[in-house]
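Here are the chains, one letter per residue:
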2 protein chains.
Amino acid sequence: MYTNSEIKPRDLSKIEKPAVSVTVLIFSINDGRLEVVLINRVREPFVGFWSLPGDILPIKNDLDEAAKKILFDKTGIKNIYLEQLYTFGDPKRDPRGRVITVAYFALLPYNSVDLSKAPDALHAKWIPVKNLSTNLAFDHKKIIAYGAERLKNKIEYSNIARALLPEKFRLSELQKIHEIILNTKLDKRNFRKRMLSMKLIEPTKDFYRLGNHRPARLYKFSTKKLVTFN
Amino acid sequence: MYTNSEIKPRDLSKIEKPAVSVTVLIFSINDGRLEVVLINRVREPFVGFWSLPGDILPIKNDLDEAAKKILFDKTGIKNIYLEQLYTFGDPKRDPRGRVITVAYFALLPYNSVDLSKAPDALHAKWIPVKNLSTNLAFDHKKIIAYGAERLKNKIEYSNIARALLPEKFRLSELQKIHEIILNTKLDKRNFRKRMLSMKLIEPTKDFYRLGNHRPARLYKFSTKKLVTFN
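Residues numbered from 1 in each chain as written. Chains lettered and ligands numbered in written order. Predicted model: local features only at pLDDT ≥ 70, side-chain atom pairs only at ≥ 80, totals over all residues. Heavy atoms only, no water.

All names here are of chain A. Together, K188, R192, R214 and R217 give the surface a local cluster of positive charge. Structurally, K188 can be placed in helix α5 (residues 188–197). K188 gets classed as exposed once you look at its relative accessible area, which sits at 65%. (Patch = residues over 30% accessible without salt bridge, like charges linked within 9 Å, V, L, I, M, F, W, Y side chains within 5 Å. Areas by Shrake-Rupley, 256 points an atom, 1.4 Å probe, with all protein chains shown as cover. Salt bridge = Lys/Arg side-chain N within 4 Å of Asp/Glu carboxyl O. Lys, Arg positive; Asp, Glu negative; His and termini not counted. Charge placed at Lys NZ, Arg CZ, Asp CG, Glu CD. Helix = DSSP H or I, 4+ residues; strand = E, 2+ residues; numbered from the N terminus. Buried < 20%, exposed > 50% of the residue type's maximum accessible area, 1.4 Å probe, protein only.)

Once that is clear, we can look at the sheet that holds strand β10 (residues 216–221) of chain B. Strand pairing in a sheet takes place through backbone hydrogen bonds and is either antiparallel or parallel in direction. All names here are of chain B. Taken in spatial order, the three strands line up as β8-β10-β9 in an open sheet, and their pairing is antiparallel. Looking at strand neighbours, the two that pair on one side only are β8 (169–170) and β9 (201–208), the edges of this open sheet. Across five bridges, β9 lies against β10 in antiparallel orientation. Bridge assignment links Y208 to a residue of β10, and that residue is A216. (Pairing = 2+ DSSP bridges.)

Bringing helix α5 (residues 188–197) of chain B into the picture now. With a side-chain oxygen lying 3.3 Å from the backbone nitrogen of R189(B), the N-terminal cap of α5(B) falls on D187(B). Following α5(B) by one or two positions, K199(B) adopts a phi angle in the positive range, close to 60°. (Polar contact = N/O pair within 3.5 Å; in protein donor to acceptor, adjacent residues only side chain to side chain.)

It is worth spelling out the domain arrangement of chain A at this point. All names here are of chain A. Under the domain assignment used here, chain A contains domain 1 (19–156) and domain 2 (166–221). Here domain 1 and domain 2 have C-alpha centroids that lie 29 Å from each other. The interface of domain 1 with domain 2 comprises nine residues on the first partner and eight residues on the second. Carbon and sulfur atoms supply 71% of the area buried between domain 1 and domain 2, which totals about 900 Å² over both sides. Per-residue buried area on domain 1 facing domain 2 is highest for I29, I155 and E156; these three make up 58% of the total on that side. Summed over the shared surface of domain 1 and domain 2, the result is one salt bridge. Between E156 and R194 there is a salt bridge; the shortest N-O distance is 3.8 Å. Connecting domain 1 to domain 2 are two residue pairs in polar contact (both at pLDDT 80 or more). For the side of domain 1 that touches domain 2, the elements supplying multiple residues, two or more each, are β2 (33–40) and α3 (140–156). (Domains from an automatic or database assignment. Contact = heavy atoms within 4.5 Å. Buried area = accessible area lost by both parts, 1.4 Å probe.)

On to the relation of the copies chain B and chain A, then. Laying chain B over chain A is done by rotating through 180° and shifting 0.0 Å along the axis; what remains is an RMSD of 0.0 Å. Taken together, the rotation and translation relating the two chain copies correspond to the operation of a two-fold axis. A symmetric contact is evident, with 100% of the interface residues of chain B recurring at the interface of chain A. (Least-squares fit on C-alpha atoms with pLDDT ≥ 70 in both.)

So, about the environment of L151(A). Residue and element names in this part refer to chain A. Considering the arrangement of structural elements, one finds L151 in helix α3. Taking C-alpha positions, L151 is 19 Å from D64, a pair spaced 87 residues apart along the chain. Excluding anything up to four places from it in sequence, L151 contacts F27, L34, F105, L107, I160 and I181.

Pairing in this open sheet of three strands is antiparallel, and the strands run β8-β10-β9 (chain A) from one edge to the other. Edge positions in the open sheet fall to β8 (169–170) and β9 (201–208) of chain A, since each of these has one partner strand only.

Within the structure shown, the criterion is met by 19 aromatic pairs over all chains. Residues F46(A) and F138(A) carry aromatic rings whose centres are separated by 4.9 Å and whose planes lie at 65° to one another, so their mutual orientation is edge-to-face. Here F46(A), found in the loop between β2 and β3 (50–51), pairs with F138(A), found in the loop between β7 (124–128) and α3; they are 92 residues apart in sequence, far enough to count as distant. Owing to a relative accessible area of 15%, F138(A) belongs among the buried residues under this scheme. Aromatic side chains Y86(B) and Y146(B) sit 4.7 Å apart centroid to centroid with 45° between the ring planes, which places their arrangement in the tilted category. Of this pair, Y86(B) sits in strand β5 (residues 81–88) while Y146(B) sits in helix α3 (residues 140–156), placing them 60 residues apart in sequence. Y146(B) gets classed as partly exposed once you look at its relative accessible area, which sits at 23%. Ring-pair connections join several aromatic residues into one group, and the members of that group are F27(A), Y81(A) and F105(A). Note that K78(A) overlies the ring of F72(A), its terminal NZ or CZ placed 5.1 Å from the centroid. (Phe/Tyr/Trp six-rings, centres within 6.5 Å; stacked < 30°, edge-to-face > 60°. Lys NZ or Arg CZ within 6 Å of the ring centre and 35° of its normal.)

And the structure:
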C-alpha cells in the first residue's frame with residue numbers, strides 16, 4: 001500500500017539545480033608534442049587565465065549537440081572524432097556556484113584546422129600539454145590530465161590514432177604518434193608486427209618518396225570506423 | 001578592449017537549469033548470468049516499471065559521493081568497485097522535464113549482498129540482463145546495454161573481474177566469468193596463458209578440493225588495486 005504522496009511524481013521545479021556546462025578538449029599532435037586548444041578568458045571568474053573551450057548547456061540541447069557546437073565555434077570544423085570523456089562535479093570547481101561539466105574530447109590532424117578562421121576563435125591557441133602553466137581556470141588542468149590519460153590508454157587498444165593522421169601514412173608516422181602519446185620509445189619491428197596482427201592497418205599500393213631516400217610504403221587504417229574499447 | 005558586460009561573470013541564477021540525477025548500475029554474476037539490480041517504481045512517472053536505482057543529485061554533494069550513497073541505500077554495502085560510466089542527456093529521456101543523469105557502474109560478488117537487508121531495499125531485485133522486459137523506465141534499457149558493453153570491453157584489458165570474485169579462486173571460475181561477460185566460449189589453455197602473461201593473476205599455495213576430484217590450484221589477482229584502461 002502506498003500513500004498518495006509516494007506515487008505523485010517529484011516536482012522538478014521545486015528542487016535546487018546545479019548549472020550544467022559542456023567542456024571540450026581538442027587534442028592534436030604538432031612538432032612532436034601533444035597540444036590542446038585553450039582560450040584566454042576575457043570574463044570573470046579567472047579573467048586572463050587559460051581555459052578549455054566550453055559553455056553552459058542550452059536547456060533544449062542534447063549533450064553531444066552542445067559539444068559539437070563548441071567544437072565548431074572554436075575550430076570551424078565539423079565531423080571529427082569526438083567522444084564523451086567524463087563528468088566533473090566537484091562542488092567547489094566553480095566559484096560562481098555549483099556547475100557540473102560534461103567533458104568531451106576531440107582529436108584532429110593539426111593541419112586540418114586554422115584557429116584564426118574559426119567563427120569564435122578570438123584568443124584560442126594551441127598549447128603543448130607539457131607546457132601548461134600551473135594556473136589554469138577552474139579544474140581544467142585536471143580535465144586535461146584525465147583526457148591525456150584516456151588517449152594514452154585508448155591508443156593501445158583502438159584505431160584512435162586514425163583521427164590524428166591523413167588517410168595514407170608511413171608506418172614511421174604512426175609509430176611517432178604512438179611514441180608521443182605514450183611518451184616512450186617503441187621498437188620498430190615489434191610495433192609494426194603488433195599493428196598488423198591487430199588488423200588495425202593494411203598496406204596500400206602507394207609509396208612516399210623524398211629525395212634519394214628509399215621510398216616508404218604508405219599504409220591506411222583497415223576500417224574508416226573508429227573502433228575503440230571503452 | 002573589452003566592454004564591462006563582457007568581463008562580468010555570468011549570473012548563474014538567471015539561466016534555466018536542468019535537473020541532474022545519479023543512476024547506479026549494480027552488476028553481478030549469478031547462476032551463469034550477468035544480473036543487475038532493478039527497482040520496481042512506486043512513483044510516477046513509470047509507476048510499476050522496473051528501473052535502475054538513482055536519485056536527484058543533492059546540490060551540495062559530489063557526484064561520486066551521491067553514487068556511493070545510492071549504492072549503500074540499495075545494497076547495504078560500501079567500499080566496492082564503482083566507476084563513472086557515462087552521462088546521458090537526451091532532452092526527452094524524462095517526461096517530467098530536462099533531467100541529465102550521470103550513470104555509475106558497480107561490480108560485486110553475488111553472495112556479498114543480501115538485498116532484503118539493505119536500508120532502502122523495498123522492491124529491489126536482481127534481474128538477468130538477458131531477461132529484461134522491453135519496457136524499462138526512462139532510457140534505462142539503453143544505460144544497461146551501455147554498461148554491459150563497457151564491462152565486456154574492460155574485462156579484456158583490466159583486472160576488473162577481481163570485483164566479481166572472492167580473494168582466491170580457481171582458474172575455471174575466472175574463465176567462467178570471462179565467458180559469461182564476453183558471451184563466448186574460451187579455450188582453457190590460451191585463457192590461462194593470457195591471464196598469466198598479462199601478469200593479472202598469480203598462483204597461491206592453496207588448493208580447492210571437492211570429493212574425489214583432482215584438487216584445483218587457487219589463484220589470486222597480482223594486485224589488490226583495480227588496474228583498468230579507460
